[in-house]
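Chain by chain, the residues run as shown.
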Amino acid sequence: MRTRPAAPDGAAPARSIHALPGVGMAAHVLQGRGLEILRMRMDQPALILVDQGTKTVRAERGATARATPGQAIVIDGQQTVDFTNAVPRGVDHYEARWLVFDTALLDDPYYLARAAQAERSGTASASVRRVPQVAPTLANAFERAAQSLAPDQALPASVARQRVLEVLHWLLEQHGIAVHAPPANPGVSVKVRALIASRLNADWTAGRIASELAVSEATLRRRLVAEGASLTQLLVDARMATALTLLQATAQPVSSIALSVGYESPSRFAVRFRQRFGFAPTAVRGHERGAH
């Protein structure tokens, strides 16, 4: 079974990423080699369809799921996970499609009622779950939802919202999987992460962040220490997570990505990226052997 449309005239599939606030984000991810990506924060839940290679997700709460082509993984929000994207011998790249669900969708009354009903019947509630076979109905709903988020579709947000909700309902009806976004920890680190993510290329200092959050700098630092967090790590993680996504899901040059996440120097960005992930930015797209 083919779960993604063929590229026209045999052309290679293109990286892409689209988002609609309050609804979700869709991304088509390509990697030229296998990589292990550790400690990635998932604030919102996601569905990942694997098209080439294999994907393994390990959650901090102990759950693990591995998907091969034609399978998928569902990840609940508000957790930190490790990803391993593998490219087996004979496969020239890793490829997957993401659909990230805005947590506002999960407040839909009908979906909440159906999810509660399914869970009362004994549905497993692991924070990471595998879909062993993506049925055509789910694959088609996924494709429609992803397309609805693209700016050239010019669809009303209300219609896009229903198309993304349809994916959630197919997961529930066909696989008994209810997608969750547990309440966010009200700690200051969550607020800092959200603030940084809203303007990644801003010149964030402790004083500026404290001012934005209407607390003193001393109070900000004290609260972060109590949560086992630091401003430096939160800033690096937010910037590097976005940079990784842009490397996987766009064709932007590394220099442009560096600027968009707050680094005027591509070389300094590359150093930070390697420190965070253990591999260079170019490794994400490397050894693609003419695939793109």
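Worth saying up front: this structure is predicted, and the values here are computed from it rather than measured.

Student: How should the sheet that holds strand β3 (residues 35-42) be read in this particular structure?
Tutor: Pairing between sheet strands relies on hydrogen bonds along the backbone, with the strands arranged either parallel or antiparallel. Overall, antiparallel pairing links the 4 strands, which are arranged β3-β8-β5-β6 in an open sheet. The strands lining the two open edges of the sheet, one partner per strand, are β3 and β6 (64-67). The mean angle between the axes of side-by-side strands here comes to 20°, regardless of whether they run parallel or antiparallel. For strand β5 (residues 54-59) and strand β8 (residues 79-86), the ladder comprises 6 bridges, and the chain directions are antiparallel. Bridging across to β8, Thr56 finds its partner in Thr84.

Student: Honestly, the pairing of strand β4 (residues 46-52) in this entry has me stumped. Any pointers?
Tutor: Looking along a regular strand, one sees the side chains alternate between the two faces of the sheet. With respect to burial, β4 is a largely interior element, 6 of its 7 residues being buried. Across 4 bridges, β4 lies against strand β7 (residues 72-75) in antiparallel orientation. Along β7, the bridge assignment pairs Ala46 with Ile75. Of the pairings in the sheet, the one linking β4 to strand β9 (residues 94-101) comprises 6 bridges and is antiparallel in character. Counterpart to Gln52 in the pairing with β9 is Glu95.

Student: Quick question: what am I supposed to make of the sheet that holds β4 here?
Tutor: Judged by pairing direction, the sheet is antiparallel, and its 6 strands sit side by side in the order β1-β2-β9-β4-β7-β10 without closing on themselves. In this open sheet, the two strands that pair with only one neighbour each are β1 (16-20) and β10 (128-131). Between one strand axis and the next, the sheet turns through 15° on average, direction left out of account. Pairing analysis gives 4 bridges linking β7 to β10, with the strands arranged antiparallel. Across the sheet, residue Val74 finds its bridge partner in β10, namely Arg129. Sheet strands in contact with helix α2 (residues 136-148) are β2 (24-31), β4 and β9, and its direction is about 70° off that of β9. Against the sheet, helix α7 (residues 231-249) engages β1 and β2, with an angle of about 65° to β2.

Student: Would you take a moment to explain the packing of helix α4 (residues 188-198) against α7 for this structure?
Tutor: Pairs of packed helices are described in terms of their axes, by the angle between the two and the distance that separates them. Axis separation between α4 and α7 bottoms out at 9 Å; the angle between their running directions is 45°. Considering their axes alone, α4 and α7 lie oblique with respect to each other. For the crossing formed where α4 meets α7, the hand is right-handed. Mapping the contact onto sequence places Ser189, Val192, Arg193 and Ile196 in α4 and Leu231, Leu234, Leu235 and Ala238 in α7. Broken down by class, the residue content of the contact of α4 with α7 amounts to 6 nonpolar, 1 polar and 1 charged.

Student: What is the right way to read the confidence of the model for the protein chain from this model?
Tutor: Caution applies to low-pLDDT regions: their predicted coordinates should not be interpreted in detail. Across the protein chain, the average pLDDT comes to 89, with 91% of residues at 70 or higher. Residue range residues 5-11 is modelled with pLDDT below 50. Its contacts to residues more than four positions away, or to other chains, number 3 contacts. In the model, residues 287-292 has pLDDT below 50 throughout and makes 17 contacts with residues more than four positions away in sequence or in other chains.

Student: Mind showing me how you'd approach helix α6 (residues 217-226) here?
Tutor: The α-helix winds at 3.6 residues per turn, so residues separated by three or four positions along the chain end up facing the same way. Among the residues of α6, Thr219, Leu220 and Leu224 are the ones counted as buried. Buried residues in α6, looked at end-on, bunch into an arc of 130°, giving them a common side. With respect to the buried face of α6, the exposed residues turned more than 90 degrees away are Ala218, Arg222, Val225 and Ala226. Residue Gly228 follows α6 closely and has a positive phi angle near 70°.

Student: I tried to follow the nonpolar core on my own but got confused; where do I start?
Tutor: Looking at soluble globular proteins, one finds that nonpolar side chains tend to be buried together. Ranked by internal contacts, the top residues of the largest apolar core, which has 56 residues, are Ile75, Phe83, Trp98, Ile196, Phe269 and Phe273. Looking at which element gives the most residues to this core, the answer is α7, with 11 residues. When sequence neighbours within four positions are dropped, the list of residues in contact with Trp98 reads Met25, Ala26, Ala27, Val29, Met42, Ala46, Leu47, Ile48, Lys55, Phe83 and Phe142. Grouped together as the second largest cluster of nonpolar side chains are 32 residues, Val74, Ala139, Leu171 and Leu172 included.

Student: Please clarify how the packing of helix α1 (residues 109-120) against helix α3 (residues 157-175) should be interpreted in this entry.
Tutor: Their axes nearest at 11 Å, the elements α1 and α3 cross at an angle of 15°. Viewed along their axes, α1 and α3 adopt a mutual orientation that is roughly parallel. At the point where α1 passes α3, the crossing takes the left-handed sense. Contact with α1, carried on its side by Tyr110, Tyr111, Arg114, Ala115 and Ala118, involves Leu165, Leu168, His169, Leu172 and Glu173 of α3 and no other residues of that element. Class assignment for the residues of the contact of α1 with α3 results in 7 nonpolar, 1 polar and 2 charged.

Reading the values: rules and limits
- The numbers attached to residues start from 1 for each chain and follow its sequence in the written order.
- Since the coordinates come from a predicted model, pLDDT governs what is reported: local features require at least 70, and pairs of side-chain atoms require 80 or more to be given and counted, while whole-chain, interface and lining totals use all residues.
- Hydrogens are left out, water is left out, and the side-chain values use all remaining heavy atoms of the structure.
- We call two strands paired when DSSP finds no fewer than two bridges between them.
- What counts as a helix is a DSSP run of H or I of at least four residues, what counts as a strand is a run of E of at least two, and both are numbered from the N terminus.
- Convention adopted: a line fitted to C-alpha atoms gives each axis, helices being fitted over their contacting stretch, and angles between N-to-C directions are expressed from 0 to 180 degrees.
- For the exposure calls, accessible area comes from a 1.4 Å probe over protein chains only, and a residue counts as buried if that area is under 20% of its type's maximum, exposed if over 50%, partly exposed in between.
- Any pair of residues with heavy atoms lying within 4.5 Å of one another is described as a contacting pair.
- Should an angle fall under 35 degrees it is taken as roughly parallel, and over 145 as roughly antiparallel, whereas 65 to 115 is taken as roughly perpendicular and any remaining angle as oblique.
- Helix crossings fall into two classes, left-handed where the near helix is turned counterclockwise from the far one by less than a right angle and right-handed where it is turned clockwise.
- Three categories are distinguished: nonpolar for Ala, Val, Leu, Ile, Met, Phe, Trp, Tyr, Cys and Pro, charged for Asp, Glu, Lys and Arg, and polar for the others, with Gly belonging to the last.
- The pLDDT value expresses, per residue, how confident the predictor is, ranging between 0 and 100.
- This arc corresponds to the set of directions leading from the helix axis out to the C-beta atoms.
- The criterion is simple. A nonpolar core is a set of buried Ala, Val, Leu, Ile, Met, Phe, Trp, Tyr and Cys residues joined through side-chain atoms within 4.5 Å.

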